[in-house]
Amino acid sequence: MTLTKAFAVPMPSNSVLAPLYAGADLLDAFAIRLPAGAGDDLEALARAAFERQAWWIRALTCIRDVVMVTVGVKSSRAVGLSAAAHGPVIGFLPLLSKSATELVVGADDRHLDFRAIIQLRASAENGRELLAGTVVHCHNRLGRIYLAAIAPFHRVIVRANLERAVRAIRI
């Protein structure tokens, strides 16, 4: 079995978040080829990618929470608990919108607004792909410092989550 690797792609122009791309402080997208047997349930694919994360991602999230709570930013647990009281959550982020081909999750805080898309799409080169894209708008200096600190980890984490999801589908 060969491991399928996630790769950088342009942000999809057909996303409901496309109007937010202008002026974004972080804008990135990654995709991974889905195995032939993968289903079409986008929410199940998103959950496979962003829930039950690797231990090292959970550890980094814990460190992030400990540090950021000291400056008044919500912990991931607090975001998740608050969101779950109002509707579905994927990972710890509230599900903001859902269509047959795209989910949007995200949250706003005092330092930045975060949105992520998860799309199921056809690719001429790769068959079907699962895409995860991120749009972040910072509100202040704290947001810009935070984003500069986490951006390298963010990119590695998104790729790792997509790769983990494909491994879970193959099992």
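In this text, all values refer to a predicted model and were calculated from it rather than measured experimentally.

## A short note on the side chain of Q53
Then, in step 1: For Q53, the location among the structural elements is in the loop between α1 (42–50) and α2 (55–69).
Then, in step 2: By relative accessible area, which is 17% here, Q53 ends up buried.
Then, in step 3: Discounting chain neighbours no more than four positions away, the residues touching Q53 are R58, N161 and R164.

## Observations concerning the pairing of strand β5 (residues 102–108)
Then, in step 1: With six of seven residues buried, β5 is to be regarded as a mostly interior element.
Then, in step 2: With three bridges connecting them, strand β4 (residues 93–98) and β5 associate as antiparallel partners. Bridging across to β5, K98 finds its partner in L103.
Then, in step 3: The hairpin formed by β4 and β5 contains three residues between the paired strands.
Then, in step 4: By the bridge criterion, seven bridges tie β5 to strand β6 (residues 112–123) in an arrangement that is antiparallel. Across the sheet, G106 pairs through a bridge with R115, a residue of β6.
Then, in step 5: Hairpin connection from β5 to β6: three residues lie between these consecutive antiparallel strands.

## Some thoughts on helix α3 (residues 76–84)
Turn by turn, an α-helix covers 3.6 residues, leaving residues three or four places apart pointing in a common direction.
Then, in step 1: Taken as a whole, α3 has its buried residues at S76, V79, G80 and A83. Viewed along the axis of α3, the buried residues span an arc of 95°, placing them on a single side of the element. The outward face of α3, more than 90 degrees from its buried face, is lined by the exposed residues R77 and L81.
Then, in step 2: On the buried face of α3, the contacting elements are α2, β3 (89–90), β4 and β5.

## Some thoughts on the pattern of salt bridges
Then, in step 1: One pass over the full model with this rule turns up eight salt bridges.
Then, in step 2: Of the charged contacts, one joins R155 and D28 as a salt bridge, the two residues approaching to 3.8 Å between their closest N and O atoms. Highlighted residues: R155 in helix α4 (residues 141–170) and D28 in strand β2 (residues 26–33), separated in sequence by 127 residues.
Then, in step 3: Among the residues examined, R155 registers a relative accessible area of 33% and is labelled partly exposed.
Then, in step 4: For D28, a relative accessible area of 8% translates into the label buried.
Then, in step 5: Here D108 and R115 are joined by a salt bridge, their closest N and O atoms 2.8 Å apart.

So, how was this worked out
- Residue positions are given per chain, counting from 1 as you read along its sequence in written order.
- With pLDDT at 70 or above as the cut-off, local features in this predicted model cover only qualifying residues; side-chain atom pairs require 80 or more to be listed or tallied, and sums for whole chains, interfaces and linings still use all residues.
- Note that water and hydrogens are dropped before the side-chain values are worked out from all heavy atoms of the structure.
- Runs of H or I in DSSP of at least four residues are treated as helices and runs of E of at least two as strands, each being numbered from the N terminus.
- Think of it in three bands: residues with accessible area under 20% of the maximum for their type are buried, residues over 50% are exposed, and the middle band is partly exposed, with areas taken using a 1.4 Å probe on protein chains only.
- In this description, contact between two residues means that some pair of their heavy atoms is separated by no more than 4.5 Å.
- Two strands pair if DSSP finds at least two bridges between them.
- Taking the helix axis as origin, the arc is that swept by the directions to the C-beta atoms.
- Salt bridge, as used here: a side-chain nitrogen of Lys or Arg that lies within 4 Å of a carboxyl oxygen of Asp or Glu.

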